[in-house]
4 protein chains.
Amino acid sequence: MSSTYGENLKLSIFGQSHGPAIGMTLDGIPAGLPVDLDILQSFLNRRAPGQNDWSTPRREEDRPEFLAGILDGFTCGAPIAAVIHNRNTRSGDYNNLKDCPRPGHADYTAQVKYGGFQDAAGGGHFSGRLTAPLCIAGGLCIQWLAENGIRLGARIVSIGGEHDDSDVNRLAPQLDLIQKDFPVFSADAGIRMRKKIAEARADGDSLGGMIECYITGLPAGLGEPMFGGVESRIAQIVYGIPAVKSVSFGAGYLAGSMRGSQCNDAYVLENGTVRTLSNHAGGILGGITNGMPVIFQTVIKPTPSISRSQQSISLAKGDTQGLIITGRHDPCIVPRAVPVIEAAAAITIYDLILGNTQTSRRK
Amino acid sequence: MSSTYGENLKLSIFGQSHGPAIGMTLDGIPAGLPVDLDILQSFLNRRAPGQNDWSTPRREEDRPEFLAGILDGFTCGAPIAAVIHNRNTRSGDYNNLKDCPRPGHADYTAQVKYGGFQDAAGGGHFSGRLTAPLCIAGGLCIQWLAENGIRLGARIVSIGGEHDDSDVNRLAPQLDLIQKDFPVFSADAGIRMRKKIAEARADGDSLGGMIECYITGLPAGLGEPMFGGVESRIAQIVYGIPAVKSVSFGAGYLAGSMRGSQCNDAYVLENGTVRTLSNHAGGILGGITNGMPVIFQTVIKPTPSISRSQQSISLAKGDTQGLIITGRHDPCIVPRAVPVIEAAAAITIYDLILGNTQTSRRK
Amino acid sequence: MSSTYGENLKLSIFGQSHGPAIGMTLDGIPAGLPVDLDILQSFLNRRAPGQNDWSTPRREEDRPEFLAGILDGFTCGAPIAAVIHNRNTRSGDYNNLKDCPRPGHADYTAQVKYGGFQDAAGGGHFSGRLTAPLCIAGGLCIQWLAENGIRLGARIVSIGGEHDDSDVNRLAPQLDLIQKDFPVFSADAGIRMRKKIAEARADGDSLGGMIECYITGLPAGLGEPMFGGVESRIAQIVYGIPAVKSVSFGAGYLAGSMRGSQCNDAYVLENGTVRTLSNHAGGILGGITNGMPVIFQTVIKPTPSISRSQQSISLAKGDTQGLIITGRHDPCIVPRAVPVIEAAAAITIYDLILGNTQTSRRK
Amino acid sequence: MSSTYGENLKLSIFGQSHGPAIGMTLDGIPAGLPVDLDILQSFLNRRAPGQNDWSTPRREEDRPEFLAGILDGFTCGAPIAAVIHNRNTRSGDYNNLKDCPRPGHADYTAQVKYGGFQDAAGGGHFSGRLTAPLCIAGGLCIQWLAENGIRLGARIVSIGGEHDDSDVNRLAPQLDLIQKDFPVFSADAGIRMRKKIAEARADGDSLGGMIECYITGLPAGLGEPMFGGVESRIAQIVYGIPAVKSVSFGAGYLAGSMRGSQCNDAYVLENGTVRTLSNHAGGILGGITNGMPVIFQTVIKPTPSISRSQQSISLAKGDTQGLIITGRHDPCIVPRAVPVIEAAAAITIYDLILGNTQTSRRK
């Protein structure tokens with residue numbers, strides 16, 4: 001199924017970039033959970049476009065209207081449904097896309113799959129705009145995880161080759177040190193990254209980057225073996241975010257160059273609690289949390305929409321042709337992707353919390 | 001659900017490393033598909049232990065017994081069930097694991113999750129041995145994909161920092177050039193990698209590495225948007241393989257340092273067929289295949305079982321203690337993981353083929 | 001999962017009786033299917049309240065607003081989303097329900113399950129009003145089935161003990177003979193049933209009844225063995241309709257009194273087509289359609305809302321107390337349930353059609 | 001998916017009547033649950049054939065071999081797998097079935113669906129023999145439910161029109177009064193039913209009947225609204241049992257003739273516990289248990305295998321032809337179906353117990 005996720009909760013996302021509305025339903029949520037719509041709105045604002053110099057000038061308020069599932073500030077046990085009506089749409093920009101697909105976008109694959117019936121405007125259902133309803137669901141889950149003492153935070157590791165080399169405490173990541181306006185640990189690295197973005201924009205080009213996400217306060221024992229492991233579940237939802245090309249955990253791709261004696265995290269007891277002295281496992285062993293912070297990296301490719309002339313084809317004429325994309329677009333979506341990654345992770349973790357019924361008797 | 005995978009086919013894997021048997025059921029497979037058990041056995045032999053100097057000396061024939069679903073060399077529409085009886089088991093080696101968990105293994109997380117009732121011998125259900133039934137299912141899917149003109153092949157990119165830098169044609173990977181005995185493109189790189197493994201073994205240590213998998217002959221239009229994308233589905237199953245810490249597609253983590261003008265794959269028409277001039281997308285746009293080869297990388301951490309002394313704890317005594325793992329283990333599982341990656345990818349792709357009913361009328 | 005249904009399509013229903021809106025999302029639908037909103041509205045009007053003397057005077061237009069998935073009269077491959085805004089709500093009627101549950105309603109079970117956080121007004125998410133979004137999904141599926149030559153029709157068999165004893169051709173049910181205004185075969189029986197309803201209403205009481213549904217034009221070979229059989233799938237969705245207490249197929253409960261020689265449907269060839277001489281199987285053998293009409297019966301209990309005084313309890317006072325339900329209600333929901341049954345069956349059958357990929361090669 | 005069931009547990013059943021083995025995997029079961037194999041065997045013996053004068057003379061020991069998931073008498077958290085090897089097979093009896101389908105069996109529908117590749121011997125995967133692995137899973141769930149104070153019992157209501165009219169206490173069914181050897185309340189009715197079976201057997205014919213199942217000790221609040229209701233889930237699995245044609249709850253089809261004032265179950269408080277004065281709802285309101293016994297009826301059609309000559313067709317010759325079934329068969333499977341119904345219900349209820357995480361805070 002395409003736009004549905006979850007084992008114990010069931011998230012369903014709908015909408016097209018320039019259709020009447022985008023939205024989500026979220027089923028399987030217990031009754032009686034508090035919902036703070038102001039906190040949710042602050043979270044959504046982190047993703048919303050049009051707020052600064054590195055994102056698209058398209059302005060959307062992204063203010064969700066809740067149609068069901070919430071009553072007097074609490075979940076009521078019925079499925080939650082929320083919509084965001086699209087207002088600032090420009091369907092005229094996109095007439096050409098069914099014939100001449102934009103490189104790096106889903107135009108061509110949608111054309112093959114949907115035979116020309118797809119809503120091509122703005123990428124339709126493939127648009128990054130669909131991460132807004134993901135953030136509604138994720139923003140709610142973040143609130144409910146907080147009630148369980150679980151916190152999430154993500155930061156930009158690199159953009160366009162410019163790295164934030166801050167020394168991160170992987171045993172207890174200091175989420176509060178992540179910069180608010182541009183989520184990096186090192187303000188200086190943030191300045192360098194923004195400079196890179198400005199350069200790319202000036203060149204009519206775009207940049208990608210890497211995001212690292214930290215989840216703290218998790219109990220040990222969350223997740224299932226094999227295909228139900230925490231890595232499998234996080235990777236499945238994160239790869240549902242447009243432009244993601246890599247998902248890694250803990251030491252990630254560096255693990256491939258390590259020796260076992262170096263990569264294994266030694267155990268230690270701290271005040272009766274089992275901990276590890278390093279966290280190359282990213283808090284997960286055998287698909288199951290070990291009580292250490294879960295850490296994962298996501299690589300985002302550069303925004304495929306660029307102003308420079310590109311080579312494409314005309315499907316109708318059966319010929320190669322040049323393509324210049326006008327319309328609005330972000331030179332780098334990495335900063336806006338940060339809360340989206342947090343949202344995706346929160347949905348997964350809350351799903352795992354809901355399904356955590358396998359607690360056995362202790363022998 | 002832990003050990004169940006698939007949307008249209010439903011794979012269920014069972015067994016513990018030193019239990020009576022391991023096996024799998026595979027439901028949802030059409031009737032009338034041919035099954036060649038000799039070809040399947042050859043495939044399983046690539047994964048089987050005890051065959052060379054870099055794998056564990058534990059010898060298991062890994063010869064599946066089919067209990068259901070196959071009749072006279074064809075699938076009969078009923079669920080397929082196959083088991084491999086464990087013979088060469090040594091349960092005595094593992095008595096200590098519930099108290100003193102091995103670093104990098106699932107011993108501790110299993111202890112927390114299952115409260116001491118888990119089958120700890122040899123890692124139980126978390127053992128790499130469970131990739132044998134995955135290879136039964138995958139080996140069958142490989143045969144059925146071949147009938148559709150779809151081929152898979154994987155090769156080792158690096159082990160312990162030693163790289164195979166062969167120039168790979170990412171528009172048409174030459175699967176036949178992958179070495180048979182040690183799956184690399186460059187025989188020389190293979191020699192260097194094996195030397196690294198021998199050194200690690202001599203040191204009582206272990207190595208990880210990276211594997212790249214290629215799938216050719218895929219039609220465009222396979223996969224679904226968002227969480228049902230090809231990346232989501234492959235990542236979910238591949239992260240079900242023990243020791244995987246990273247899954248990337250196409251340009252993978254390098255995409256994060258590219259500019260859009262460099263990362264976008266330009267379109268071209270070759271004899272009326274839409275192709276791209278590069279393949280940074282790894283054959284997938286918007287979660288859907290574009291007809292180019294699907295390419296993905298998997299990073300495998302070093303085998304956590306090493307002979308060197310490690311620091312662990314005694315849960316009973318509540319104290320730190322040293323741990324020396326005796327018993328049999330691979331200094332590097334990367335070569336044996338190659339067919340497992342192929343199997344996992346084949347299961348996903350065949351699942352997608354079965355579900356490919358959304359072909360619309362053409363406008 | 002509570003409000004989600006389907007294997008190949010995925011239906012998700014949301015809303016509470018007196019919340020802002022009710023609606024549905026429908027994922028997994030191919031692109032390019034035509035949608036006629038006028039035909040859909042006519043179908044929805046058959047279920048809508050307030051139109052005649054046997055239904056509640058609550059008036060709702062039940063006019064769906066499509067937010068996603070439909071473009072220029074065709075499905076576009078993206079999930080379909082539609083909402084109906086609730087307008088004629090009277091939340092004041094229902095303040096008492098959390099303390100003093102109405103017999104026969106879900107008030108008490110919701111109170112236990114949701115701990116008082118449920119939206120009790122009008123039954124909340126348990127209201128019969130939630131069958132409106134079911135009818136949106138079903139009404140669409142009916143259109144798409146019609147394109148495949150598949151037709152559905154349901155009729156009232158009995159209400160309050162008053163039967164329509166018309167002789168039905170179970171080999172080729174004449175769907176066009178079902179009365180339009182009150183769906184029975186025998187107009188006379190319809191008059192008797194309506195008289196019964198009027199009597200019950202005059203007594204402040206309510207009636208139940210039985211509905212029989214016919215699906216014609218089905219190919220043989222639809223459905224799966226065991227839990228994926230057509231009976232399993234239809235029963236699962238039909239039991240999701242409030243007030244259903246029995247679902248039977250073909251000869252139904254009469255099969256229990258038959259002998260095998262009487263119940264078995266003998267085979268015959270008609271112009272090269274395999275047919276049966278009777279249809280006690282209701283068109284299904286081993287869970288799979290045999291090409292004969294699928295026939296099933298649904299029993300609806302009497303509307304639990306009655307005007308007569310009933311015995312209930314006060315959960316707060318811990319005491320028995322009388323209850324008089326004011327507010328609006330149908331003395332008999334059976335006529336309005338007829339299109340709901342058709343909708344549910346259509347969703348199931350279309351789901352099966354979408355999943356019908358197991359067609360094997362012919363031996 | 002055909003042979004897979006469950007939301008929180010995942011049951012997968014495999015095997016063909018005359019294949020090497022039948023069996024099941026059961027995933028999602030917590031660790032540390034005790035398993036008594038002797039009690040399980042006693043349960044399986046109730047279903048096993050060849051034990052008395054009303055069942056098939058085919059003798060099978062039906063002794064499961066556990067391959068995984070159980071260690072030292074407790075579940076270990078890994079998927080449970082069990083097989084029963086088929087011994088007393090007679091494949092020669094069934095050569096004709098692909099050409100000349102037996103009325104009332106799945107021979108023809110399997111032929112259409114699987115194109116002649118199906119394992120036709122003894123009905124293959126459609127055989128009643130596949131209820132043996134269902135009983136393994138169900139027998140285990142019965143043990144685990146008993147630990148939660150939940151008991152199940154089923155009894156024969158009627159066979160071939162012969163009824164057991166015993167007055168059943170539907171508020172507290174006396175499961176211990178069900179006869180052990182032939183599960184009825186009234187021994188006299190049992191004698192009459194067995195006489196009916198003997199007559200049908202003498203006539204080369206067969207009989208169906210009705211079974212009623214009672215589940216006591218359930219907490220209120222189990223189940224979900226709409227498609228996840230207890231009725232939906234029980235009906236889905238029960239319709240997976242061969243020959244079931246009707247599933248009803250509580251007052252069942254009689255509810256259709258009642259008035260609301262009669263059908264509604266009035267509430268009362270007994271020692272602070274909410275109870276109802278009648279149980280027409282069968283313990284379920286809005287899909288959710290209300291704490292009263294869950295009661296449901298299942299109608300089983302007469303065994304389709306009869307010795308009398310029947311009319312069928314030759315698919316090869318394209319012509320009508322007579323058919324005489326030799327081979328072994330039960331004149332009435334209703335008695336043997338009783339434990340199968342209990343097993344199916346137990347699997348559903350245990351699945352619901354596992355998923356019962358939605359307990360909200362109390363307001």
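All values derive from a computational prediction rather than experimental measurement.

Draft legend 1. Fine view of the overall build of chain A. Scanning chain A for helices and strands turns up seven helices and 18 strands. Expected size for 363 residues packed as a compact globule is a radius of gyration near 21 Å; at 21 Å, chain A falls within 12% of this value. When its C-alpha atoms are laid out on the principal axes, chain A stretches across 70 × 50 × 35 Å. Sequence-distant contacts in chain A: of pairs separated by 6 or more residues, those separated by 24 or more amount to 71%. Between the mean site of the 33 positive side-chain charges and the mean site of the 34 negative ones, chain A shows a separation of 3 Å.

Draft legend 2. Structural context of the relation of the copies chain D and chain C. With an RMSD of 0.0 Å, the fit of chain D onto chain C corresponds to turning through 180° and sliding 0.0 Å along the axis. What the superposition gives is, in effect, a two-fold axis relating one chain to the other. Interface overlap between copies is the fraction of interface residues in one copy that are interface residues in the other; for chain D against chain C it reaches 100%, indicating a shared surface.

Draft legend 3. Structural detail: the environment of Gly240(B). Inspection of the secondary structure assignment puts Gly240(B) in the loop between α5 (230–238) and β11 (244–249). Relative accessible area serves as the criterion here: at 10%, Gly240(B) is assigned to the buried category. Distance from Gly240(B) to Arg336(B), taken between C-alpha atoms, is 16 Å for residues 96 residues apart in sequence. Apart from residues no more than four positions distant in its own chain, Gly240(B) is found in contact with Met226(A), Phe227(A) and Ser232(A).

Draft legend 4. Region of interest: the interface of chain D and chain C. Between chain D and chain C, the contact holds 111 residues from the first and 111 residues from the second. Approximately 8600 Å² of surface area, both sides summed, lies buried where chain D meets chain C, with 60% of it carried by carbon and sulfur atoms. In terms of surface lost to chain C, no three residues of chain D exceed Lys113(D), Phe227(D) and Tyr267(D), which account for 10% of the buried area on that side. Glu224(D) is the salt-bridge partner of Lys113(C), the closest N and O atoms lying 3.4 Å from each other. If you look at where chain D meets chain C, you find 43 residue pairs in polar contact (both at pLDDT 80 or more). Split into classes, the residues belonging to the side of chain D that touches chain C amount to 48 nonpolar, 44 polar and 19 charged. Note: strand β11 (residues 244–249) of chain C against strand β11 (residues 244–249) of chain D, three bridges, orientation antiparallel. For Val247(C), the partnering residue across the bridge sits in β11(D) and is Val247(D).

Draft legend 5. Just the packing of aromatic side chains, in detail. This model, assessed by the stated rule, comprises 34 aromatic pairs over all chains. Here Tyr253(A) and Tyr253(B) contribute two aromatic rings whose centre-to-centre distance is 3.8 Å and whose plane-to-plane angle is 10°, an arrangement assigned as stacked. Note that Tyr253(A) is positioned in the loop between β11 (244–249) and α6 (260–263) and Tyr253(B) in the loop between β11 and α6 (260–263), a pairing that runs across two chains. With relative accessibility at 29%, the residue Tyr253(A) sits in the partly exposed group. Look at Phe249(C) and Tyr239(D): their rings are 5.2 Å apart centre to centre, the planes differ by 85°, and that puts the pair in the edge-to-face class. One end of the pair, Phe249(C), is in strand β11; the other, Tyr239(D), is in the loop between α5 (230–238) and β11, on a second chain. Across the pair, exposure class does not vary: Phe249(C) and Tyr239(D) are buried alike.

Draft legend 6. Summary view of the pattern of salt bridges. Applying the stated criterion across every chain yields a total of 76 salt bridges over all chains. For Arg259(B), the salt bridge identified is with Asp203(A), shortest N-O distance 2.7 Å. With Arg259(B) in the loop between β11 and α6 and Asp203(A) in the loop between α4 (187–202) and β10 (209–216), this pair bridges two chains. The salt bridge involving Asp62(D) is made with Arg47(D); its shortest N-O contact spans 2.9 Å. With a gap of 15 residues between them, Asp62(D) in the loop between α1 (37–47) and β4 (65–68) and Arg47(D) in helix α1 connect regions that are remote in the sequence.

Draft legend 7. Up close: the confidence of the model for chain A. Residue and element names in this part refer to chain A. Mean pLDDT over chain A: 92, with 93% of residues reaching 70 or higher. This stretch, residues 358–362, has a pLDDT under 50; its non-local contacts, to residues over four places away or in other chains, come to 24 contacts. We note a pTM of 0.96 for the whole complex and an ipTM of 0.96 for its interfaces.

Draft legend 8. Highlighting empty space enclosed by the protein. Residue and element names in this part refer to chain A. Under the counting rule described, the total for this entry stands at eleven cavities of 30 Å³ or more. What the second largest cavity holds in volume is close to 1100 Å³. Along the walls of the second largest cavity sit 50 residues, with Phe126, Ser127, Gly128, Arg129 and Pro242 positioned nearest its centre. Among the elements that take part in the lining of the second largest cavity, helix α7 (residues 334–354) stands out by supplying three residues, more than any other. Among the residues making up the lining of the second largest cavity, the classes are represented as 19 nonpolar, 19 polar and twelve charged.

Draft legend 9. Unusual backbone geometry, seen in detail. Residues and elements named next belong to chain B. Residues other than glycine seldom take positive phi values, yet Ala243 does so here, at roughly 85°. Of note, Ala243 is situated in the loop between α5 and β11. Accessibility expressed as a relative area gives 17% for Ala243, which makes it buried.

Draft legend 10. Region of interest: the packing of helix α5 (residues 230–238) of chain C against α5(D). Contact geometry for α5(C) and α5(D): axes closest at 8 Å, N-to-C directions at 175°. Judged by the angle between their axes, α5(C) and α5(D) are roughly antiparallel. Each of Ser232(C), Ala235(C) and Gln236(C) in α5(C) lies in contact with α5(D), whose residues at this interface are Ser232(D), Ala235(D) and Gln236(D).

Draft legend 11. Structural view of the side chain of Ser127(D). When you line up the elements, Ser127(D) lands in the loop between α2 (107–114) and α3 (131–147). With residues near it in sequence (within four places) discarded, Ser127(D) still touches Ser17(D), Gly122(D) and Pro242(D).

Draft legend 12. Fine view of the side chain of Arg275(D). Take Arg275(D): it is sitting in strand β13 (residues 273–276). Apart from residues lying up to four places away in sequence, Arg275(D) is in contact with Leu171(D), Ala266(D), Tyr267(D), Val268(D), Glu270(D), Gly291(D) and Met292(D).

Draft legend 13. Spotlight on the sheet that holds strand β7 (residues 80–85) of chain B. All names here are of chain B. Read across the sheet, five strands follow the order β1-β2-β3-β7-β4 without closing on themselves; strand pairing throughout is antiparallel. Lying at the two open borders of the sheet, with one neighbouring strand each, are β1 (4–5) and β4 (65–68). Pairing of strand β2 (residues 10–15) with strand β3 (residues 21–27), which is carried by six bridges, proceeds in the antiparallel orientation. In the sheet register, Ile13 faces β3, and the bridge partner there is Met24. Helix-sheet contacts for helix α3 (residues 131–147) involve β2, β3, β4 and β7, and the interaxial angle to β3 is about 35°.

Draft legend 14. Geometry of α2(D). With seven of eight residues buried, α2(D) is to be regarded as a mostly interior element. Those residues of α2(D) that are buried lie in contact with β12 (267–270), β13 (273–276), β14 (284–285) and β15 (288–289) of chain C. Two residues or fewer after α2(D) comes Gly115(D), characterised by a positive phi angle close to 65°.

About the thresholds
- Residues numbered from 1 in each chain as written.
- Chains lettered and ligands numbered in written order.
- Predicted model: local features only at pLDDT ≥ 70, side-chain atom pairs only at ≥ 80, totals over all residues.
- Heavy atoms only, no water.
- Helix = DSSP H or I, 4+ residues; strand = E, 2+ residues; numbered from the N terminus.
- Rg over C-alpha atoms; globule rule 2.2 N^0.38 Å.
- Contact = heavy atoms within 4.5 Å.
- Lys, Arg positive; Asp, Glu negative; His and termini not counted.
- Charge placed at Lys NZ, Arg CZ, Asp CG, Glu CD.
- Least-squares fit on C-alpha atoms with pLDDT ≥ 70 in both.
- Buried < 20%, exposed > 50% of the residue type's maximum accessible area, 1.4 Å probe, protein only.
- Buried area = accessible area lost by both parts, 1.4 Å probe.
- Salt bridge = Lys/Arg side-chain N within 4 Å of Asp/Glu carboxyl O.
- Polar contact = N/O pair within 3.5 Å; in protein donor to acceptor, adjacent residues only side chain to side chain.
- Nonpolar A, V, L, I, M, F, W, Y, C, P; charged D, E, K, R; others polar.
- Pairing = 2+ DSSP bridges.
- Phe/Tyr/Trp six-rings, centres within 6.5 Å; stacked < 30°, edge-to-face > 60°.
- pLDDT = per-residue confidence, 0-100.
- 1 Å grid on protein atoms, 1.4 Å probe; cavity = no way out; pocket = protein on both sides within 12 Å on 5 of 7 lines; lining within 4 Å.
- Points joined across faces, edges and corners; volume = space filled by probe spheres on them.
- Axes fitted to C-alpha atoms, helices over the stretch in contact; angles between N-to-C directions.
- Parallel < 35°, antiparallel > 145°, perpendicular 65-115°, else oblique.

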